[in-house]
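# Chain and residue survey
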Amino acid sequence: MSKLYIDLETVLKEKNVSKNKLCINCSMQRTQLNKYCRNEMSRVDLSSVGRLCEYLDCTPNELLKMKKED
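Residues numbered from 1 in each chain as written. Predicted model: local features only at pLDDT ≥ 70, side-chain atom pairs only at ≥ 80, totals over all residues. Heavy atoms only, no water.

### Overview of the nonpolar core
One finds Leu8, Leu12, Leu22, Leu33, Leu52, Leu56 and Leu63 to be the most contacted residues of the largest nonpolar core, which totals 18 residues. Tallying contributions element by element places helix H4 (residues 46–56) first for this core, with 4 residues. (Core = buried A, V, L, I, M, F, W, Y, C linked by side-chain atoms within 4.5 Å. Buried < 20%, exposed > 50% of the residue type's maximum accessible area, 1.4 Å probe, protein only. Helix = DSSP H or I, 4+ residues; strand = E, 2+ residues; numbered from the N terminus.)

See the structure below:
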């Protein structure tokens with residue numbers, strides 16, 4: 001079985017963007033962003049993913065990944 005996760009930490013490091021800067025520019029609360037970074041959310045808000053992709057100049061495929069679970 002596979003699990004969908006958000007690889008936001010990797011993209012932030014690649015783009016050299018801080019979480020604070022991302023929160024401000026994407027109108028996100030820090031708690032929401034931290035949940036995305038730790039993959040502790042139960043639902044993904046598509047408008048948030050859109051804002052993240054637009055600001056980080058990436059595609060949803062760069063953020064959303066599949067991981068096989070044993």
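### Digging into unusual backbone geometry
Positive phi values are uncommon outside glycine, yet asparagine 39 reaches one of about 55°. Looking at where asparagine 39 falls in the secondary structure, it is placed in the loop between helix H3 (30–38) and H4. The class of asparagine 39 is partly exposed, set by a relative accessible area of 25%. In this model, aspartate 57 sits at a positive phi of 50°, which is unusual for a non-glycine residue. What makes aspartate 57 exposed here is its relative accessible area of 63%.

Read these as spatial facts, not as claims about activity.
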